[in-house]
Amino acid sequence: MALKGVFCPNHRTAPVIEDFRAGDLICSQCGLVVGDRVVDVGTEWRTFSNSEKRDFTSDPNRVGQAENPLLFGSSGLCTELTTLPGERERQHGRSTSSLKSADRSLILAYKEIDRVGSTLALSTNTAQRAKKLFKETVTTAQLRGRSHDAICAACIFIACRQENVSRTFKEICGASGLDQRTITRCYKKIVRVLDVSAKSANPTVEDFVPRFCNKLELPRHVEVAARHVAQNIKKVGVLEGKAYTSVVGAIIFLVSQLSEAPKSLEAVMDVSGASSQAIRNSYREIRDIAAYLMPKDFPFHEKFAKLPDFGSATETNAMDRCIAAGLVPVADDLVTKGGKSSAKRAKTTSTASASASASAAPSPAASASIKSEM
């Protein structure tokens, strides 16, 4: 291995080689030992197996603890020299694995972050970012006296925003077991102290659709249609300013009512975390323009006129917005149960009736022969 910054006095341009076995630095050209007793910073392996074959492949165990950048100490190990009485004042080294109180608190907090992250099915990168945020928060000492669990939950929420992971605030509250007010206070304090508000990204409605549909066990085409509706809603500009949980709940409820697997309002409410009234308010705004929002190739199992009615919409120009956005409505006479259009079925029926009547009607020659026999 060639080292930079160390050179031979006789050959300055020659690379210096490190001898791991002897711990020496040797000139590659003349063999001069430039340095000795070099500490190997690489991984050390030893074997403690009782087998006769003593090699590095049987029961390798790493000596020492790996360095953890998330802790204040490098490894947590220390050596204390104490004087034992009655031993002629001879000093004995006693190796202990005692951790500092700060590192012990960090480890407990990291375990809580891993637990909440496992409950929310977060990735390793998101959990690591939350741990780094927690360490930065503790280093500033601005949240002294606050609950570490609340700080962990707030750091997880910020990490999800920064990693563009769609997790609602209520989901984090449910996974951590804390109330929303406690986590909100820690969240606002961390954002102000660490100045991370500019780095966070707001989630979109489309980010929540796949996960909520998966929890409701809806078919794949329902999820695709729900994402299509969400995109059209963004084009039209309705439901602006509404909470994305209530918007997603209203979209999934609308699409499921038109599919073969309708879901109740209570089931959608439990999955989305939004209140029943919030979902109803968002649903009212998109019910009357559902024909403009739905994809044409969707296998409809219910007509638009039979959708649940929770009252009239507050915006009266929503249909004009759809027309201005270039959306074309799905004709209501094309929507029938079973996913087939009534127009195609009517066309098939009329064709079959015409062929049946044509086959049943006698030919002109046959009619003439019948008249002659009479």
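Residues numbered from 1 in each chain as written. Predicted model: local features only at pLDDT ≥ 70, side-chain atom pairs only at ≥ 80, totals over all residues. Heavy atoms only, no water.

## Some points on the overall build of the protein chain
Tallying secondary structure elements over the protein chain gives 14 helices and eight strands in all. Burial statistics for the protein chain: of 374 residues in total, 36% are counted as buried. Partitioning the intrachain contacts of the protein chain with sequence separation of at least 6 by distance along the chain shows that 60% fall at a separation of at least 24. Total accessible area computed for the protein chain in this model is approximately 22,700 Å², and 51% of it derives from carbon and sulfur atoms. (Helix = DSSP H or I, 4+ residues; strand = E, 2+ residues; numbered from the N terminus. Buried < 20%, exposed > 50% of the residue type's maximum accessible area, 1.4 Å probe, protein only. Contact = heavy atoms within 4.5 Å. Areas by Shrake-Rupley, 256 points an atom, 1.4 Å probe, with all protein chains shown as cover.)

## Side note on helix α6 (residues 205–215)
Along α6, the residues that are buried comprise Val 205, Glu 206, Phe 208, Val 209, Arg 211, Phe 212 and Cys 213. Packing partners of the buried residues in α6 comprise α4 (169–176), α7 (220–236), α8 (244–258) and α9 (265–272). Where α6 ends, the next residue or the one after it, Glu 217, has phi of about 60 degrees, a positive value.

## Examining the side chain of Ser 282
The topology assignment puts Ser 282 in helix α10 (residues 276–287). There is a polar contact of 3.5 Å between the side chain of Ser 282 and the side chain of Ser 246. Every residue in contact with Ser 282, bar those within four places of it in the chain, is listed here: Leu 239, Lys 242, Ser 246, Val 247 and Ala 250. (Polar contact = N/O pair within 3.5 Å; in protein donor to acceptor, adjacent residues only side chain to side chain.)

## Observations concerning the packing of aromatic side chains
Taken as a whole, this structure holds 10 aromatic pairs when the rule is applied. Aromatic rings pair up to connect Phe 157, Phe 169 and Tyr 187 into one cluster. We note Arg 280 situated over the ring of Phe 310; from NZ or CZ to the ring centre the distance is 4.4 Å. (Phe/Tyr/Trp six-rings, centres within 6.5 Å; stacked < 30°, edge-to-face > 60°. Lys NZ or Arg CZ within 6 Å of the ring centre and 35° of its normal.)

## Side note on a nonpolar patch on the surface
Taken together, the side chains of Val 6, Leu 32 and Val 34 present a nonpolar region at the surface, about 180 Å² in accessible area. Locating Val 34 in the fold gives a position in strand β4 (residues 33–35). (Patch = residues over 30% accessible without salt bridge, like charges linked within 9 Å, V, L, I, M, F, W, Y side chains within 5 Å. Salt bridge = Lys/Arg side-chain N within 4 Å of Asp/Glu carboxyl O.)

## Quick word on the confidence of the model for the protein chain
Caution is warranted with low-pLDDT regions, since their predicted coordinates should not be read in detail. When the pLDDT values of the protein chain are averaged, the result is 76; 68% of them are 70 or greater. Between residues 88–97, whose pLDDT stays under 50, and residues either more than four places distant or in other chains, the model counts 21 contacts. (pLDDT = per-residue confidence, 0-100.)

## Remarks on the nonpolar core
Of all hydrophobic cores here, the largest spans 47 residues; its most connected members are Ile 251, Val 255, Ile 286, Met 294 and Phe 304. For this core, the elements supplying multiple residues, two or more each, are α6, α7, α8, α9, α10, α11 (290–293) and α12 (318–324). With nine residues, α8 is the single largest residue contributor to this core. Counting 34 residues, the second-largest nonpolar core is a separate cluster that includes Phe 134, Ile 156, Ile 158 and Cys 173. (Core = buried A, V, L, I, M, F, W, Y, C linked by side-chain atoms within 4.5 Å.)

## Topic: the pairing of strand β2 (residues 16–19)
In summary, the side chains of a regular strand alternate between the two faces of the sheet. Taking every second residue as pointing to the same face, the buried face of β2 carries Val 16 and Glu 18, while none of Ile 17 and Asp 19 on the other face is buried. One ladder, built from four bridges, connects β2 with strand β3 (residues 24–27); its direction is antiparallel. Along β3, the bridge assignment pairs Val 16 with Cys 27. In textbook terms, the turn of a hairpin is the stretch between consecutive antiparallel strands, and for β2 and β3 this stretch comprises four residues, one of which, Gly 23, has a positive phi near 75 degrees. (Pairing = 2+ DSSP bridges.)

## What about the environment of Ser 166?
Note that Ser 166 resides in the loop between α3 (148–162) and α4. As for Ser 166 and Val 209, which are separated by 43 residues in sequence, their C-alpha atoms are 9.8 Å apart. The residues contacting Ser 166, other than those within four sequence positions of it, are Glu 171, Asp 207, Phe 208 and Arg 211. A polar atom in the side chain of Ser 166 sits 3.2 Å from the backbone oxygen of Asp 207.

## Examining α10
A rise of 1.5 Å per residue sets the reference length of α10, with its 12 residues, at 16 Å; its end C-alpha atoms lie 16 Å apart and thus fit the reference within 8%. Those residues of α10 lying buried are Ile 279, Ser 282, Tyr 283, Glu 285, Ile 286 and Arg 287. In this structure, the buried side of α10 is in contact with α7, α8, α9 and α11. (Expected span 1.5 Å × (residues − 1).)

## Overview of the pattern of salt bridges
Within this structure, the stated rule accounts for seven salt bridges. As a salt-bridge pair, Lys 215 and Glu 171 come within 3.2 Å of each other at their nearest N and O atoms. Placement of the pair is Lys 215 in helix α6 and Glu 171 in helix α4, with a sequence separation of 44 residues. According to the relative accessible area criterion, Glu 171 is buried, its value standing at 14%.

## Section: the packing of helix α2 (residues 124–140) against α3
Close contact between α2 and α3 brings their axes to 8 Å; oriented N to C, the two are set at 130 degrees. Comparing their axes, α3 and α2 come out oblique. Remark: the crossing between α2 and α3 carries right-handed chirality. Touching Thr 126, Arg 129, Ala 130, Leu 133, Phe 134 and Thr 137 of α2 are His 148, Ile 151, Cys 152, Cys 155, Ile 156, Ile 158, Ala 159, Cys 160 and Gln 162, all from α3. (Axes fitted to C-alpha atoms, helices over the stretch in contact; angles between N-to-C directions. Parallel < 35°, antiparallel > 145°, perpendicular 65-115°, else oblique. Left-handed = near helix turned anticlockwise from the far one by under 90°.)

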